[in-house]
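Structural overview
What follows is the residue order along each chain.
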Amino acid sequence: MNPANYRVRLVLDLFRIFVIPASVLSCFLSLLRYRLGLLFIPAHLGFILIWATIEGAYVESKQDRQARALGAKTIPRVVGKWPGNTDILLRMVGAFKNSYVLDVYLELFEEYQCTTLNLRILWRDNIISMDQEHAKYVTSTGFSQFWRGISQKERMELFLGEGIFNRDDEHRNMTRPFFARERFSDFELFERHCAQTLSILSSLEASGTACDAQDLYGRFSLDAASEFLMGKNLDTMSASLPIPGKTVMGPKGSATEDHWGSFARAFEMAQLNITHRGRLGAVWPLFELFKDKNEEHCKVIQAWVDPLVHSALEAKKTMNGAGVINNITDKNFMQHLTDSTDDPILIRDQLTSMLLASRDTTACVLTFLTYFLAIHPDVTRKLRDEVLEHCGPTSPPTFDHVRRMKYMRAVINETLRLFPPVPLNIRETRTAPCVLPPSDRTFSKGFCDRQPLYMPAKTTILYLPLLIQRNPAHWGDDADEFKPDRWINPESVARYVANPTIFTPFSAGPRICIGQNYAYNEMSYFLVRLLQQFDRFTLASEFQPEGSLPPLEWKHRKGRQAYEQIWPSAALTLYVKGGLWVRFHKARS
Ligand code: HEM
């Protein structure tokens, strides 16, 4: 079934859940010639509930048997208070509004003393995991057992269609070969975009104004990526910037009102909707029966992307006619795409995916890194010293400089550890069940003994790199703290080297991020240029839009939320709610 036909899937599900048991009861009663009268509706609803419970119990006992046969045991099931664990579903939906990012999952893991759990929402298996061994199995060692899966495609189809993030084998092959080549050290390109960004920061500083760093970094990474991928600078940096104290909150950060602002809003709304659908689980189409909530946003996105696709296809015709650029390595990503296909929809989907991959991830790291520089001036000083030692106050960094700046890499990695831009991810088992390896040693007591776990067929597993990367069992008691030196200290480095999948911000296995070298180079280049000119960063919390500062009740909780000064949130990628308002201070010496 086409994943876009989510309504058909929902009707089939409703038929199975409601119509079949109700018809069985009706047939049975008519055979007995018994009339229920006023009790007709309550009796049918009650019967449907009993049917669902019995069916659920049957599935569970069947899984128990299959698990035993495979030498495994079933994944511990969450037992809610309401039928079908609907209370758990509501708890997760509600948590998005007030809770610290992903805390609702951590609470469940702690409650059950187990790193992998089955939520069994509406009697359907939904696995969640903060287990490093299980995440490794899903992404790498057991890769062939999993795919993106129908349910994820259903949620994303309108937004990403046949793009690389929404397909399994076939269309990924269009993108990967482009990235396989050494293309990532085009430092001249980074220099142009850094210069433009820093000149904006300098004028803001001169006028004593703060800026929304998250917004600025989004523009920087999109402009650089568009030039890298398409040979065309989208120049979003020249569009109107958010004004401190006046700009309202958009879906993620600041909202601006121009052409670029409407694209950014649509792009972010589409991501938020997809995340919301994920929280609701299989029942999300119930809330979008008559209107696909992403339809309007995707129209705006397409109106932006389509002209780029058409001009690339036109250029291809002209070039082919004139016999220009035959050498594949001279082609940019867009030319590479138009070489592989003439289908404008397929090109659009691939391009939209790449814009998502390159804008929201790199901007996320630079945003959280700036936050850390603001609240850890000692780290800022040390990092700046390293920059000045290697590159001096004005020279542009070379590839070799970047490679040698160990503290820079440590600061970037520590940011990626605490705030991985992709904090959670989903896969689905293919048509056969499989066996997850024994759990990691996070909880020594509890349901999770060290037995392999039975993973049912056609079932989603949501794994959580953010929780794995903050797990004290892997990182020590100071796991929640920002300490770049842990990437330099031989003891902690040895711990990571012995077990590298405790840190997977770029994922792992065959679908590991193909832009990671580009991203490291771009971020390092930017940081060098930034720290050559600026030596202090202070949070301008007075400009955070209403409702974007951390709720006061967080102060009484454990973990980072007790002292976090921003509100981290997740929608496909991580972001700071309301943007990150910061003052950048020029170095005077
Ligand atoms: C700090 C920056 C970045 C981070 C943390 C990051 C992280 C990730 C992660 C976790 C995945 C796996 C997604 C999944 O399996 O569902 C991924 C895949 C991918 N990334 Fe990145 N990424 C970053 C930057 C970039 C950039 C700059 C590009 C392109 C210019 C890029 C292109 C891609 C592509 C095309 C894939 C899909 C690979 C596949 O499915 O085979 N990424 N990235």
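Residues numbered from 1 in each chain as written. Predicted model: local features only at pLDDT ≥ 70, side-chain atom pairs only at ≥ 80, totals over all residues. Heavy atoms only, no water.

Put simply, the test is: UniProt positions are given in the numbering used here, feature names are shortened, and annotations may be inferred rather than shown by experiment.
Naming follows an unreviewed UniProt entry, where the protein appears as Cytochrome P450 monooxygenase CYP63 of Psilocybe cyanescens. Entered under Cofactor (unreviewed entry) in the UniProt record, the comment concerning the protein runs "heme".

A closer look at the side chain of histidine 193
The cut-off we apply is this: Under the scheme used here, helices are H or I runs from DSSP no shorter than 4 residues and strands are E runs no shorter than 2 residues, and both carry numbers assigned from the N terminus. Residue contacts are defined here by distance: any two heavy atoms, one from each residue, within 4.5 Å place the two residues in contact.
Secondary-structure assignment places histidine 193 in helix α8 (residues 187-206). Ignoring anything within four residues of it in the chain, the contact list for histidine 193 reads Phe220, Asp223, Ala224, Glu227 and Asn233.

Some details on the coordination of the iron atom of the ligand
Metal coordination angles in their ideal form are 109.5 degrees for the four-donor tetrahedron and 90 or 180 degrees for the six-donor octahedron. Defined as follows: For Na, K and Ca the donor cutoff is 3.2 Å, while for all other metals N, O and S atoms must lie within 2.8 Å; water is not among the atoms, so some sites may look incomplete.
The protein supplies the iron atom of the ligand with one donor atom, Cys513 (SG), which lies at 2.3 Å. You can see cysteine 513 is positioned in the loop between α19 (490-498) and α20 (516-533).

A look at the pattern of salt bridges
When charged atoms on two side chains of opposite charge get close, those side chains can pair. Counted only if it meets this: A pair is scored as a salt bridge if a Lys or Arg side-chain nitrogen falls within 4 Å of a carboxyl oxygen belonging to Asp or Glu.
Per the counting criterion, the structure on display carries 40 salt bridges. Here aspartate 13 ties to arginine 9 by a salt bridge, and the two come within 2.7 Å at their closest N and O atoms. Placement of both aspartate 13 and arginine 9 in helix α1 (residues 6-31) is noted, with a separation of four residues, approximately one turn of the helix.

Digging into the site of the ligand
To keep it simple, the criterion reads: If a single non-hydrogen atom of a residue is within 4 Å of a molecule or strand, that residue counts as near it. Definition of a polar contact: a pair of N or O atoms within 3.5 Å, with one able to donate and the other able to accept a hydrogen when the atoms are protein atoms, and with sequence-neighbouring residues admitted only if both atoms are side-chain atoms. Each residue is assigned to one of three groups, with Ala, Val, Leu, Ile, Met, Phe, Trp, Tyr, Cys and Pro labelled nonpolar, Asp, Glu, Lys and Arg labelled charged, and all others, Gly among them, labelled polar. Where each domain starts and ends comes from a domain assignment, either automatic or drawn from a database.
Lining the immediate surroundings of the ligand are 26 residues, of which Arg148, Asn425, Arg427, Arg511 and Cys513 lie closest. One of the side-chain N or O atoms of arginine 148 is found 2.9 Å from an oxygen atom in the ligand. One nitrogen or oxygen atom from the side chain of arginine 511 is found 2.8 Å from an oxygen atom belonging to the ligand. Listed by contribution, the elements that provide at least two residues to the shell around the ligand are α7 (172-180), α13 (344-375), β6 (425-429) and α20. Looking at which element gives the most residues to the shell around the ligand, the answer is α13, with six residues. Residue classes in the shell around the ligand are distributed as 15 nonpolar, six polar and five charged. Here the shell around the ligand gathers at least three residues from each of two domains, domain 2 (71-160 + 422-503) and domain 3 (173-282 + 290-421 + 505-537 + 557-586).

Quick word on the domain arrangement of the protein
Our working definition: The quantity reported as buried area is the accessible area (1.4 Å probe) lost by two parts once they are put together, taken as the sum for both.
By the assigned domains, the protein splits into domain 1 (1-70), domain 2 (71-160 + 422-503) and domain 3 (173-282 + 290-421 + 505-537 + 557-586). Using only C-alpha atoms to locate each centre, domain 1 and domain 3 end up separated by 48 Å. Contacts between domain 1 and domain 3 engage four residues on the former and four residues on the latter. Summed over both sides, the interface between domain 1 and domain 3 buries roughly 260 Å², with carbon and sulfur atoms accounting for 29% of that surface. Contact with domain 3 buries surface across domain 1, with Tyr6, Arg7 and Arg9 losing the most and accounting together for 92% of the total. Linking domain 1 with domain 3 are zero salt bridges, by the criterion used here.

Here's the deal with the packing of aromatic side chains
We apply this condition: Only Phe, Tyr and Trp rings are paired, with Trp represented by its six-membered ring, and only when their centres lie within 6.5 Å; those with planes under 30 degrees apart are stacked, over 60 edge-to-face, the remainder tilted. Throughout, exposure labels follow a simple rule: accessible area from a 1.4 Å probe, protein chains only, divided by the maximum for the residue type, with under 20% read as buried, over 50% as exposed, and the rest as partly exposed.
Applying the stated criterion to the full structure yields 30 aromatic pairs. Ring centres of phenylalanine 159 and phenylalanine 267 lie 5.6 Å apart, and the angle between their planes is 75°; on these two criteria the pair is classed as edge-to-face. A residue pair is termed long-range when its members are at least 10 positions apart, and phenylalanine 159 in helix α6 (residues 150-160) and phenylalanine 267 in helix α10 (residues 259-280) qualify at 108 residues. For the pair shown, phenylalanine 159 and phenylalanine 267 are each scored as buried.

Let's talk about the UniProt feature "transmembrane region" (unreviewed entry) in the protein
When the UniProt feature table is mapped onto this chain numbering, "transmembrane region" (unreviewed entry) sits at residues 12-32 and 38-59. For residues 12-32, the end-to-end C-alpha separation is 29 Å, with 95% helix and 0% strand making up the annotated structure.

Quick notes on the sheet that holds strand β8 (residues 453-455)
The condition that has to hold: For two strands to be treated as a pair, DSSP must find at least two bridges joining them.
What the three strands build is an open sheet, ordered β1-β8-β7; its pairing is mixed. With partners counted over all chains shown, the strands left at the sheet margins are β1 (73-74) and β7 (434-436), one partner each. For β1 and β8, the ladder comprises two bridges, and the chain directions are parallel. In the strand pairing of β8, lysine 73 is matched with leucine 453.

Focus on the pairing of strand β3 (residues 126-129)
Walk down a regular strand and you will see the side chains alternate between the two sheet faces. Of the two faces of β3, the one lined by Asn126 and Ile128 and the one lined by Ile127 and Ser129 are each fully buried. Inspection of the sheet shows strand β2 (residues 116-118) paired to β3 by three bridges, in the antiparallel sense. Directly across from leucine 117, in β3, lies its bridge partner isoleucine 128. Two elements, β3 and strand β9 (residues 460-463), share four bridges in a ladder whose sense is parallel. Counted as the bridge partner of isoleucine 128 is leucine 462 from β9.

Description of a nonpolar patch on the surface
Just so we agree on the cut-off: In this scheme, patches are assembled from residues that exceed 30% relative accessible area and form no salt bridge. Like charges are connected within 9 Å, while nonpolar side chains (Val, Leu, Ile, Met, Phe, Trp, Tyr) are connected within 5 Å. Residue burial considers only the protein chains on display, and all accessible areas are found by Shrake-Rupley using a 1.4 Å probe.
A surface patch of nonpolar side chains, amounting to about 460 Å² of accessible area, comprises Phe15, Ile17, Phe18, Val19, Ile20 and Val24. Inspection of the secondary structure puts isoleucine 20 in helix α1. Under the relative-accessibility criterion, isoleucine 20 is labelled partly exposed at 34%.

As for the packing of α13 against α20
Using the following cut-off: Convention adopted: a line fitted to C-alpha atoms gives each axis, helices being fitted over their contacting stretch, and angles between N-to-C directions are expressed from 0 to 180 degrees. Crossing handedness is read from the near helix: turned anticlockwise from the far helix by less than a right angle, it gives a left-handed crossing, and turned clockwise, a right-handed one.
In the contact formed by α13 and α20, the axes pass within 10 Å of each other and the chain directions differ by 40°. Handedness of the α13/α20 crossing: right-handed. In this structure, α13 contributes Thr362, Val365, Leu366 and Leu369 to the contact, and α20 contributes Ala519, Glu522, Met523, Phe526 and Leu527.

Some details on helix α14 (residues 377-391)
Basically, it comes down to this: In this analysis, the expected span of each helix is defined as 1.5 Å times one less than the number of residues it contains. What the arc covers is the set of directions going from the helix axis to the C-beta atoms.
With 15 residues, α14 extends 21 Å between its outermost C-alpha atoms, agreeing within 8% with the 21 Å of an ideal straight helix rising 1.5 Å per residue. Val379, Thr380, Leu383, Arg384, Glu386, Val387 and Cys391 are the residues of α14 that are buried. With its buried residues spanning 160° around the axis, α14 presents them on a single face. Facing away from the buried side of α14, by more than 90 degrees, are the exposed residues Arg381, Asp385 and Glu389. Turning to α14, the residues buried within the fold contact α13, α15 (399-404), α16 (406-418), α20 and β10 (534-539). Taken from the residues just after α14, glycine 392 is the one with a positive phi, measuring 70°.

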